[in-house]
Number of protein chains: 2
Amino acid sequence: MQALATPSKEQITNYFQDLQNRICHAIEQADRKGKFLTDTWQRLEGGGGISRIIQQGQVLEKAGVNFSAVFGEIPEALRTHFQFQGEKFYATGVSIVMHPHNPFVPIIHMNVRYFQLDEHTAWFGGGIDLTPHYIDEEEARFFHQSLKNICDKYHTNYYATFKKWADDYFFIKHRQETRGIGGIFFDRLKADSEFSLYDRFLFVQEVAEAFVPIYTHLIAKNKNRPFTEQHKRWQLLRRGRYVEFNLVYDAGTKFGLETNGRIESILMSLPPYVSWEYNYVPQSGSAEEKTLKLLKKGIEWV
Amino acid sequence: MQALATPSKEQITNYFQDLQNRICHAIEQADRKGKFLTDTWQRLEGGGGISRIIQQGQVLEKAGVNFSAVFGEIPEALRTHFQFQGEKFYATGVSIVMHPHNPFVPIIHMNVRYFQLDEHTAWFGGGIDLTPHYIDEEEARFFHQSLKNICDKYHTNYYATFKKWADDYFFIKHRQETRGIGGIFFDRLKADSEFSLYDRFLFVQEVAEAFVPIYTHLIAKNKNRPFTEQHKRWQLLRRGRYVEFNLVYDAGTKFGLETNGRIESILMSLPPYVSWEYNYVPQSGSAEEKTLKLLKKGIEWV
């Protein structure tokens, strides 16, 4: 088994790149109109990436699937932030954000990543979280149960730990609202006495492979639901909150902006149309008010 | 003259509150349809403010004019940030952001403020800056000349210094673009050997009083200009940059979010409708491309 204990960075990189292709293919099938454009970019200091984008698809108003594999000297900001000792790094991953047209189809985000400093210091991170414009409790249960099923195969504590991590991470402090219904979020999954790095890789793969069945289910279920101008108005306001989170709090975005990352790939996550209204308060008893009440940490969906 | 050398905080506060009323009145006249709503709010720790907002006016899609006067114990974040020694503070000011419907009417921002730690430590700050969706060089000259005329009455270096300060401050680092054509920005204008605090107050008043004639001129000149879907599309993209600046860099916004300020008043500056498109590149030779080329630091408009 030792041969499997430490996946090579090439193996991990190939998996992520293949994952990007397979996800784009499946999403094109689900959208039935949108085709992913491909932008390949190089990083001056080493490596690069492939950004794939649908704009104005049939189901998806904007969808981005980023793959990147970057390496070289550790940027100073990274060294300081993580208090790294080493000189070189290797990082690869896939990041996804999808904004649908229909307000009843949720926004989804997934990220899976691998970071390596040297042979002995490497870890996986990632997660999936869902941001419904209107929270449907049955769908929220379906989503969390899907993630819990994966987590439970690896560790009885994983779901509870990673679910709380997502609640804490995807939190818009100045609004005292969660971004959506959370999901799972994890980082620094290294090899330890319980799990080899290969075990970590298997877990991350299972999470990544869950993306398509989960999201295509949510698309199929909701894409044809009729909606009104009021639903659309609320969707644009919720997208505003999404922007607030990503620009004010998201660690990946902040880090990318501070370290001269490729801006268009970093900000691909921002929604196509957004609005801010002054002090919008949902009507008492409305579906909008119900959603707001559910944008709280610590809700046990399953 | 000594009686005039140090304006009282009541005098300054009254001026700012009156300024808010007069500006709102003049802008309602210019809009001809929108009426400012009034939200009065209290700050638990001392003081409060009045937020006044037009949404969906005739000329202005969203316009906010904030007045506040807050005081009490210095918040810890403020103490650390400014390395203050004192215990108490008093801060008052007016903040304005206006987003017009017509893409040929620029976005405008003004802030004038007074900050006092004790009898001997007090200063004024503020500025006006303009964010045209389409830069018209003649208008840019008019705008900068208006501000320079005021600055020149007080000090031959003021315009150059405060113009550079605005260029440096209203800069979207990750885009390497200025937010707009700048204007003037100044802070920490204390009493010194050359100017009494009353002189500083007079300067700030002249800047504040320039807001209405400048902006009503720009409104009258452009509000009826015909525009196409392409102009509107570009306006929404430029508004996206405005959001990026305000959420990622603006010191007032960041400070407000970190110190539990009144969120709706702080984020009143965010535009009504905004969009982000992936990697939008203006056509060669277009008005959009011309504008982008002029969003640079260090352009001498006058």
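Residues numbered from 1 in each chain as written. Chains lettered and ligands numbered in written order. Predicted model: local features only at pLDDT ≥ 70, side-chain atom pairs only at ≥ 80, totals over all residues. Heavy atoms only, no water.

So, the overall build of chain A: which residues are in play, and what are the values?
From N to C terminus, chain A includes 10 helices and 10 strands. A total of 302 residues make up chain A; the buried ones form 59% of that total. Sequence separation of 24 or more characterises 69% of the internal contacts of chain A that already satisfy a separation of 6 or more. Within the structure as shown, chain A displays about 13,100 Å² of accessible surface, and the carbon and sulfur contribution to it stands at 51%. (Helix = DSSP H or I, 4+ residues; strand = E, 2+ residues; numbered from the N terminus. Buried < 20%, exposed > 50% of the residue type's maximum accessible area, 1.4 Å probe, protein only. Contact = heavy atoms within 4.5 Å. Areas by Shrake-Rupley, 256 points an atom, 1.4 Å probe, with all protein chains shown as cover.)

Break down unusual backbone geometry for me, with residues and values.
A positive phi angle, close to 70°, is found at Arg32(A), a residue other than glycine. Residue position: Arg32(A) is located in the loop between helix H2 (9-31) and strand E1 (37-42).

I'd love a proper account of the packing of helix H7 (residues 229-248) of chain A against helix H10 (residues 287-294) of chain A, names of residues and values included.
All names here are of chain A. As a packed pair, H7 and H10 sit with axes 11 Å apart at the nearest point and diverge in direction by 25°. The orientation of H7 with respect to H10, classified from their angle, is roughly parallel. Between H7 and H10 lies a crossing of right-handed hand. Taken together, the residues of H10 that come into contact with H7 (itself represented by Gln-230, His-231, Trp-234 and Arg-238) are Glu-288, Thr-291 and Leu-292. Split into classes, the residues belonging to the contact of H7 with H10 amount to two nonpolar, three polar and two charged. (Axes fitted to C-alpha atoms, helices over the stretch in contact; angles between N-to-C directions. Parallel < 35°, antiparallel > 145°, perpendicular 65-115°, else oblique. Left-handed = near helix turned anticlockwise from the far one by under 90°. Nonpolar A, V, L, I, M, F, W, Y, C, P; charged D, E, K, R; others polar.)

Outline helix H8 (residues 251-258) of chain A, supporting the account with residue identities and numerical values.
Residues of H8(A) that are buried: Thr253(A), Gly256(A) and Leu257(A). Buried positions in H8(A), seen along its axis, are confined to an arc of 95° and lie on one side of it. Taken together, the buried residues of H8(A) touch H7 and helix H9 (263-266) of chain A together with helix H7 (229-248) of chain B. Remark: Asn260(A) follows H8(A) within two positions and exhibits a positive phi of approximately 65°. (Arc of directions from axis to C-beta.)

So what's going on with the interface of chain A and chain B? Which residues, and what values?
Where interface size is given, it is often the accessible area lost as the parts come together that is meant. Contact with chain A, which involves 29 residues of that partner, is made by 29 residues of chain B. Together chain A and chain B conceal approximately 2,700 Å² of surface at their shared face, both sides included; 58% is due to carbon and sulfur atoms. In this structure, the connection of chain A to chain B is made through two salt bridges. For Glu264(A), the salt bridge goes to Arg175(B), with nearest N and O atoms at 2.9 Å. Our enumeration of links across chain A and chain B arrives at 17 residue pairs in polar contact (both at pLDDT 80 or more). Those elements giving two or more residues to the side of chain A that touches chain B turn out to be strand E2 (47-55), H7, H9 and strand E10 (273-275) of chain A. Counting residues per element, the side of chain A that touches chain B draws most heavily on H7(A), at five residues. When the residues that make up the side of chain A that touches chain B are grouped by side-chain class, the tally is 16 nonpolar, six polar and seven charged. Bridging between E10(A) and strand E10 (residues 273-275) of chain B involves three bridges; their strand directions are antiparallel. (Buried area = accessible area lost by both parts, 1.4 Å probe. Salt bridge = Lys/Arg side-chain N within 4 Å of Asp/Glu carboxyl O. Polar contact = N/O pair within 3.5 Å; in protein donor to acceptor, adjacent residues only side chain to side chain. Pairing = 2+ DSSP bridges.)

Give me the lowdown on the sheet that holds E2(A), citing residues and values where you can.
Residue and element names in this part refer to chain A. Pairing is antiparallel in the open sheet, where seven strands are placed in the order E1-E2-E3-E4-E5-E6-E9. Whereas interior strands pair on both sides, the edge strands pair on one side only; in this sheet they are E1 and strand E9 (182-189). Shown here is a sheet whose adjacent strand axes are inclined to one another by a mean of 5°, direction ignored. Relative to E2, E1 runs antiparallel, the two sharing six bridges. Residue pairing in the sheet places Asp-39 in a bridge with Ser-51 of E2.

Could you give an account of the pattern of salt bridges, with specific residues and numbers?
This model, assessed by the stated rule, comprises 50 salt bridges over all chains. A salt bridge links Lys221(B) to Asp136(B); its shortest N-O distance comes to 3.9 Å. Within this pair, whereas Lys221(B) is found in helix H6 (residues 197-222), its partner Asp136(B) is found in the loop between strand E6 (121-131) and helix H4 (137-154), the two being separated by 85 residues in sequence. Salt-bridge contacts for Lys148(B) lead to Asp152(B); the nearest nitrogen and oxygen are separated by 2.8 Å. Taken together, the positions of Lys148(B) and Asp152(B), both in helix H4 and four residues apart, correspond to about one turn of that helix. On the basis of relative accessible area, Lys148(B) is assigned to the partly exposed category, the value being 26%. Since its relative accessible area comes to 35%, Asp152(B) is described here as partly exposed. A single network of salt bridges, built from pairs that share partners, joins Asp18(A), Arg22(A) and Glu209(A).

Outline the environment of Arg188(A), listing residues and values.
Structurally, Arg188(A) can be placed in strand E9. Excluding anything up to four places from it in sequence, Arg188(A) contacts Phe82(A), Trp123(A) and Phe124(A).

Just give me the short version of the relation of the copies chain A and chain B, but keep the residues and values in it.
Mapping chain A onto chain B calls for a screw motion: a turn of 180° about the axis and a shift of 0.0 Å along it, with 0.0 Å RMSD after fitting. Taken together, these values place the two copies in the relation of a two-fold axis. Within chain A, the C-alpha atom positioned nearest to the axis of rotation is that of Val274(A), 2.6 Å from it. (Least-squares fit on C-alpha atoms with pLDDT ≥ 70 in both.)

Which residues make up the sheet that holds strand E5 (residues 107-118) of chain B, and what values go with them?
Residue and element names in this part refer to chain B. Spatially, the seven strands line up as an open sheet ordered E1-E2-E3-E4-E5-E6-E9, and their pairing is antiparallel. Both edges of this open sheet fall to strand E1 (37-42) and strand E9 (182-189), since each of them pairs with a single strand only. Ignoring strand direction, the axes of neighbouring strands in this sheet form an average angle of 5°. The strands touched by H7 are strand E3 (60-73), strand E4 (88-100), E5 and E6; relative to E4, the strand with the most contacts, the crossing angle is about 165°.

Break down the packing of helix H4 (residues 137-154) of chain A against helix H6 (residues 197-222) of chain A for me, citing the residues and quoting the values.
Residue and element names in this part refer to chain A. At a minimum axis separation of 10 Å, H4 and H6 run at an interaxial angle of 160°. Classified by the interaxial angle, the pair formed by H4 and H6 is roughly antiparallel. The two elements H4 and H6 cross, and the hand of that crossing is right-handed. Between H4 and H6, the residues in contact are Glu-138, Glu-139, Phe-142, Phe-143, Ser-146, Leu-147, Ile-150, Cys-151, Lys-153 and Tyr-154 and Asp-199, Leu-202, Phe-203, Glu-206, Val-207, Ala-210, Ile-214, His-217, Leu-218, Lys-221 and Asn-222, respectively. In the contact of H4 with H6, the residues fall into 12 nonpolar, three polar and six charged.

Explain the nonpolar core to me, and be specific about the residues and the numbers.
Membership of the largest hydrophobic core comes to 62 residues, with the highest contact counts inside it found for Phe16(B), Leu19(B), Met98(B), Met110(B), Phe203(B), Phe211(B) and Tyr215(B). No other element matches H6(B), which puts 13 residues into this core. With sequence-adjacent residues up to four places away left out, Tyr215(B) is seen in contact with Ile27(B), Leu60(B), Met98(B), Pro100(B), Val105(B), Pro106(B) and Ile108(B). If you look at the next biggest cluster of nonpolar residues, it comprises 61 residues, including Phe67(A), Ala122(A), Ile128(A) and Ala208(A). (Core = buried A, V, L, I, M, F, W, Y, C linked by side-chain atoms within 4.5 Å.)

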